[in-house]
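This is what each chain is made of:
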Amino acid sequence: MGKNHFKIINASAGSGKTYNLVYEYLKILLEDPSDNTFKHSLALTFTNKSVNSMKSRIIETLFLLSIESNDVKSYLDDFCKIFDISKKELAFRSMLILKKIFLEYGAFSVITLDKFTHRLVRTFYREFNLPFGFEVSLDSESLIEETIDSILDEIGVDKLISKYLLDFSLQKINNNKDWDVEIDLKEFIPILLNENDRIPANYIKKRNTKKLEADRVLLSKFLKNEKLKVLKYAREALNFLESLDLKADDFTQKRVHKYFENISNGSFTTKYFEQLEFSLSGKKPIYNFSLSEEKKFLIDKNKDKIEYYFFSVKKSITQILLIQRTLASWTPRLLLQLMEERLERIQNEKKIRINSDFNKKINLLVNDEPTPFIYERLGVRYQHYFLDEFQDTSTLQWNNLIPLISNSVEGESLSGKKGSLFLVGDPKQSIYRWRGGDMNQFIDLVNNIKNPFQISASQETLKTNYRSFKEIVDFNKGLFQIISNSFENKYYRRLYGESSQQKHIYEGGYVNVQAISKEGKKG
C-alpha cells in the first residue's frame, strides 16, 4: 500500500503550515503542466481569509518561479531536484499553469468547506426537496429569534404550546429558578444546529409531539407502578423482620431497618444503599458483636431473604430515579421537537436554509449515491484533496468527504494516475467544537487508530517555529509539557508533550503572565 498519496502534517502555530500546503499543491500541478491538474484539485479550509491567503500564495509563488526569483529559492531548488529539470523548464511550467488558472479562474478550487457543501446542495437540491432558488442564511440568529417569537406568540392560542410552556415554567419555579422561559428556549435551539448534538437529538426529531406526549404519559404510569411496587417490597421486608422479632438495634448502626423504613416513608433515594450492600456481602459486619448467638444465627439463616428484599428495592429505586430524571427533562424535549418543526416551517416559507443543516443532507447523499454519479452531477472529478485546519472538521463533514476522497486515492484516473490526500492540522488549535469540530479525528488518524482508507499515511511533524522568538517558544513548550502530564489518555499526553516541543530560530522575546483574581482585578 502506497504512502505517498496520503500525507498528514502536524503543524503547530508558526511552523510553516501554509508554506507546506502551497508546496504540496504546486508539486502536483508542476509535475505535468499540460494536464490541467488544478481543475481536479480541491483545497478546503475554514475561512474566506484563509482561502484568499492560500490563493494569493499559490499565484504569487507561481509568478516568482516563472521569473526564477530568489525569493522562492527553496521552492525552486526543491522542484528542480524532484522533477530533474532546469530552472528554465520550471519557469516555463509555472507560467503555463499560471496562464491556465487565469483563463479558467472559476475552476481554481481553493474554497471553504462551507462553500463546497453549498455547491453539492445546489447541485442536488431536487433530491433534498429544496425549493428552486433557495437562499443560504448565514444569519441563524434572526431565524432563531423568529422561531422563538412565533412560539411565544401562541401562548393562550394553541393549547398544546400553552401547556408545554406552563409546565416548563412551573418546573423552573419548583427548582427555585426564574419562571421566564424565553432564555431557556434560546439555549435549547442551538442543539438542533450543533452537529455534536445531532445524533442524540435525532430520536426526538423523528417523533412528533403527540408521540412524545404519549411516551411521557406511559413513563408517568410506569413510575407510579414502580413506586407502589417498591413500597410493597419495603413494607414486606419490615413485616418479615418483625415476624422474626429482629429489632433495629440488632443490626449494625440500625442499617437494615433504616433502609427499609426510609423507603416505606416515601423517600426514594439511594441512602444506605452502599453500606447495607457491604454488610450483606460480608465486607462489613451486619450485626452487632454483642448480639446473642441465637439472634446471630437467626440473621445468618435469613440473610438470603433480607438480600432478596434489598435487591428488589434497589432495582426499583434505580428505575424510579432514572424515570424521574427523564421526566424532569421531558418538557424541554417536547419544546425541542416543537422548535424543530417551527424552524423547518419558517425556512420553507422564506425559501432559505440555515448553513448548519446542509452537512446532514450531504451525509444522506454520499451514503445513498455512488461517488461517480456525484462527480458527474458536479461536472468535475476531484483527484487531489488538500484539507487545512483538519482538527476543526466536524464528524459529518469528514464522513461526507470520505467517499469522495476514497474514490480518488484508492483508484486511478482514466490516464492511470492516482489521486492524493494532504491533511494539515494541529489539535491544540481546535477552536470550532461549538459548531461540531472534532479534533479526535486527527488524533485517530495520526495514531492509526482509525483510517477510513485502504492506503496508509506518511506523517510529518513540523518542529521549527518560524514566527515566535525564543522566550515565547520556550514558554509554550514548558506550558504544554505541564498540561500533558494532566492527561490520562496517552495520545493526548503525546500531543501536548513531545509533539509540541518546537525549536526556535529567533533569539529574544518576552513573556509576562499576570493572574486575574475572582473580583476581576490583576493579582
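Whatever comes next refers back to the structure up there.
Because the structure is predicted, anything quoted here is derived from the model rather than measured.

(A) Seen up close, the overall build of the protein. Helix and strand counts for the protein stand at 22 helices and 10 strands. A compact globule built from 523 residues would reach a C-alpha radius of gyration of about 24 Å, whereas the protein, at 32 Å, exceeds it by more than 25%. Taking all contacts inside the protein whose residues are at least 6 apart in sequence as the whole, residues at least 24 apart take part in 78%. Total accessible area computed for the protein in this model is approximately 28,100 Å², and 52% of it derives from carbon and sulfur atoms. One finds the centroid of the 79 positive side-chain charges in the protein at a distance of 2 Å from the centroid of its 70 negative side-chain charges.

(B) Molecular detail of the pattern of salt bridges. Summed over all chains, the structure comprises 21 salt bridges. Lys-232 is the partner of Glu-236 in a salt bridge, and the nearest nitrogen-oxygen pair spans 2.9 Å. A residue pair is termed a helical-turn pair when its members lie 3 or 4 positions apart in one helix, as Glu-236 and Lys-232 do in helix H11 (residues 209–243) at 4 residues. On the basis of relative accessible area, Lys-232 is assigned to the partly exposed category, the value being 47%. A salt bridge links Lys-428 to Asp-426, with the shortest nitrogen-to-oxygen separation between them at 2.9 Å.

(C) Looking closely at the nonpolar core. Ranked by size, the top nonpolar core spans 39 residues in total, and within it Phe-116, Trp-398 and Leu-421 carry the most contacts. The element best represented in this core is helix H19 (residues 395–409), accounting for 6 residues. The contacts of Leu-421, once residues within four sequence positions are left out, are His-5, Phe-6, Lys-7, Tyr-385, Leu-387, Trp-398, Ile-405, Val-409 and Phe-453. Core analysis: the second largest hydrophobic core is formed by 36 residues, Leu-21, Ile-58, Leu-90 and Val-424 among them.

(D) Focus on the environment of Leu-364. With respect to the helices and strands, Leu-364 occurs in helix H17 (residues 358–368). Spatially, the C-alpha atoms of Leu-364 and Phe-46 are 22 Å apart, while their sequence positions differ by 318 residues.

(E) Quick look at unusual backbone geometry. The backbone of Glu-389 shows a phi angle near 50°, a positive value even though the residue is not glycine. The residue Glu-389 is located in the loop between strand E6 (384–387) and H19 in this model. A positive phi angle is found at Asn-448, which is not glycine, with a value near 55°. Secondary-structure assignment places Asn-448 in the loop between helix H20 (440–446) and strand E8 (458–462). Judged by its relative accessible area of 59%, Asn-448 falls in the exposed class.

(F) Here's a closer look at the sheet that holds E8. Spatially, the 6 strands line up as an open sheet ordered E3-E2-E6-E7-E1-E8, and their pairing is parallel. Looking at strand neighbours, the two that pair on one side only are strand E3 (110–112) and E8, the edges of this open sheet. Pairs of neighbouring strands in the sheet enclose a mean axial angle of 15°, with direction left out of account. As judged from the 5 bridges shared by strand E1 (residues 6–11) and strand E7 (residues 420–425), these two strands associate in the parallel manner. Bridge pairing links Ile-8 to Leu-423 in E7. Helix-sheet contacts for helix H5 (residues 113–123) involve strand E2 (41–45) and E3, and the interaxial angle to E3 is about 90°.

(G) Geometry of the environment of Phe-469. Note that Phe-469 resides in strand E9 (residues 464–469). Judged by relative accessible area, which is 38%, Phe-469 ranks as partly exposed. Through-space distance from the C-alpha of Phe-469 to that of Lys-503 is 9.9 Å; in sequence the pair is 34 residues apart.

(H) The arrangement of the packing of helix H6 (residues 140–152) against helix H16 (residues 330–350) in detail. Closest axis-to-axis distance for the H6/H16 pair is 9 Å, and the angle between their directions is 115°. The handedness of the crossing between H6 and H16 comes out as right-handed. The residues of H16 that touch H6, namely those facing Leu-143, Glu-146, Thr-147, Ser-150 and Ile-151, are Leu-338, Met-339, Arg-342, Leu-343, Ile-346, Gln-347 and Lys-350. Across the contact of H6 with H16, the residue classes tally to 6 nonpolar, 3 polar and 3 charged.

(I) Representation of a nonpolar patch on the surface. Together, Ile-472, Phe-475, Leu-479, Val-511 and Val-513 make up a nonpolar patch on the protein surface, roughly 380 Å² of accessible area in all. Inspection of the secondary structure assignment puts Phe-475 in helix H21 (residues 470–484). Classification of Phe-475 as partly exposed rests on a relative accessible area of 36%.

(J) Molecular detail of helix H4 (residues 87–103). Spanning 17 residues, H4 covers 24 Å between terminal C-alpha atoms, matching the ideal 24 Å at 1.5 Å per step. Against helix H1 (17–31), helix H2 (48–66) and helix H3 (73–83) lie the buried residues of H4.

(K) Looking closely at the side chain of Ser-15. Examined against the element boundaries, Ser-15 turns out to sit in the loop between E1 and H1. In this structure the side chain of Ser-15 is engaged in a polar contact, spanning 2.5 Å, whose partner is the backbone oxygen of Ser-12. In contact with Ser-15, not counting residues within four places along its chain, are Leu-462, Thr-464, Tyr-466 and Gln-502.

(L) Geometry of the packing of aromatic side chains. Inspection of the entire model under this criterion finds 26 aromatic pairs. Ring plane angle 75° and centroid distance 4.8 Å describe the contact between Phe-390 and Trp-398, whose orientation is recorded as edge-to-face. Here Phe-390 matches Trp-398 in class, with each residue buried. These aromatic residues form a ring-pair network of at least three members: Phe-6, Phe-390, Trp-398, Phe-442 and Phe-453. For the cation-ring pair, Arg-93 lies above Phe-83, with the distance from its terminal atom to the ring centre recorded as 5.8 Å. The residue whose ring lies beneath Lys-428 is Phe-480, and the NZ or CZ to ring-centre distance is 5.4 Å.

(M) Seen up close, the packing of H1 against H3. Contact geometry for H1 and H3: axes closest at 11 Å, N-to-C directions at 40°. Considered as vectors, H1 and H3 are oriented oblique to each other. Classified by chirality, the crossing of H3 by H1 is right-handed. Taking contact as the criterion, the partners of Tyr-19, Val-22, Tyr-23, Leu-26, Lys-27, Leu-30 and Glu-31 in H1 are, on H3, Ser-74, Tyr-75, Asp-78, Phe-79, Ile-82 and Phe-83.

Conventions adopted
Counting of residues starts from 1 at the beginning of each chain's written sequence and follows it residue by residue. In keeping with the model being predicted, local features are shown solely for residues with a pLDDT of at least 70 and side-chain atom pairs are shown and tallied solely at 80 or more, while totals for entire chains, interfaces and linings include all residues. Excluding hydrogens and water, the side-chain values take into account all heavy atoms of the structure. Runs of E in the DSSP output that reach at least two residues are strands. Runs of H or I that reach at least four are helices, and both are numbered from the N terminus. Just to be clear, the radius of gyration here is over C-alpha atoms, and the globule rule we use is 2.2 Å times residues to the power 0.38. Any two residues having at least one pair of non-hydrogen atoms within 4.5 Å are treated as being in contact. Surface accessibility follows the Shrake-Rupley procedure with a 1.4 Å probe radius. Residue values consider only the protein chains on display as shielding. In this tally, Lys and Arg are treated as positive and Asp and Glu as negative; His is ignored, and so are the chain termini. Where a charge lies is defined by one atom per residue type: Lys uses NZ, Arg uses CZ, Asp uses CG and Glu uses CD. Between Lys or Arg on one side and Asp or Glu on the other, a salt bridge is scored when a side-chain nitrogen of the former is within 4 Å of a carboxyl oxygen of the latter. Under the scheme applied here, a residue whose accessible area is under 20% of the maximum for its type counts as buried, over 50% as exposed, and between as partly exposed, the area being computed with a 1.4 Å probe on protein chains only. Working definition of a nonpolar core: buried Ala, Val, Leu, Ile, Met, Phe, Trp, Tyr and Cys residues. They are joined through side-chain atoms within 4.5 Å. Any two strands with at least two DSSP-identified bridges between them are counted as paired. Every angle, taken between N-to-C directions, lies between 0 and 180 degrees, and every axis is a line fitted to C-alpha atoms, over only the stretch in contact when it is a helix. When the near helix sits turned anticlockwise from the far one by under a right angle, the crossing is termed left-handed; a clockwise turn instead gives a right-handed crossing. Under the scheme applied here, ten amino acids are nonpolar (Ala, Val, Leu, Ile, Met, Phe, Trp, Tyr, Cys and Pro), four are charged (Asp, Glu, Lys and Arg), and all others, including Gly, are polar. Within this analysis, patches are made of residues with over 30% relative accessible area and no salt bridge. Like charges are joined at 9 Å or less; nonpolar side chains (Val, Leu, Ile, Met, Phe, Trp, Tyr) at 5 Å or less. An expected span of 1.5 Å times one less than the residue number is assigned to each helix. The term polar contact refers here to a pair of N or O atoms within 3.5 Å; inside protein, the definition further demands a hydrogen-donor-capable atom paired with an acceptor-capable atom, and it admits residues adjacent in sequence only when both atoms are side-chain atoms. Any two of the Phe, Tyr and Trp rings considered here, Trp counted by its six-membered ring, make a pair once their centres fall within 6.5 Å; the pair's planes then place it as stacked at under 30 degrees, edge-to-face at over 60, or tilted in between. Throughout this description, the term charge over a ring refers to an Arg CZ or Lys NZ atom that lies within 6 Å of the ring centre and within 35 degrees of the ring normal. Here roughly perpendicular refers to angles of 65 to 115 degrees, roughly parallel to angles under 35, roughly antiparallel to angles over 145, and oblique to all remaining angles.

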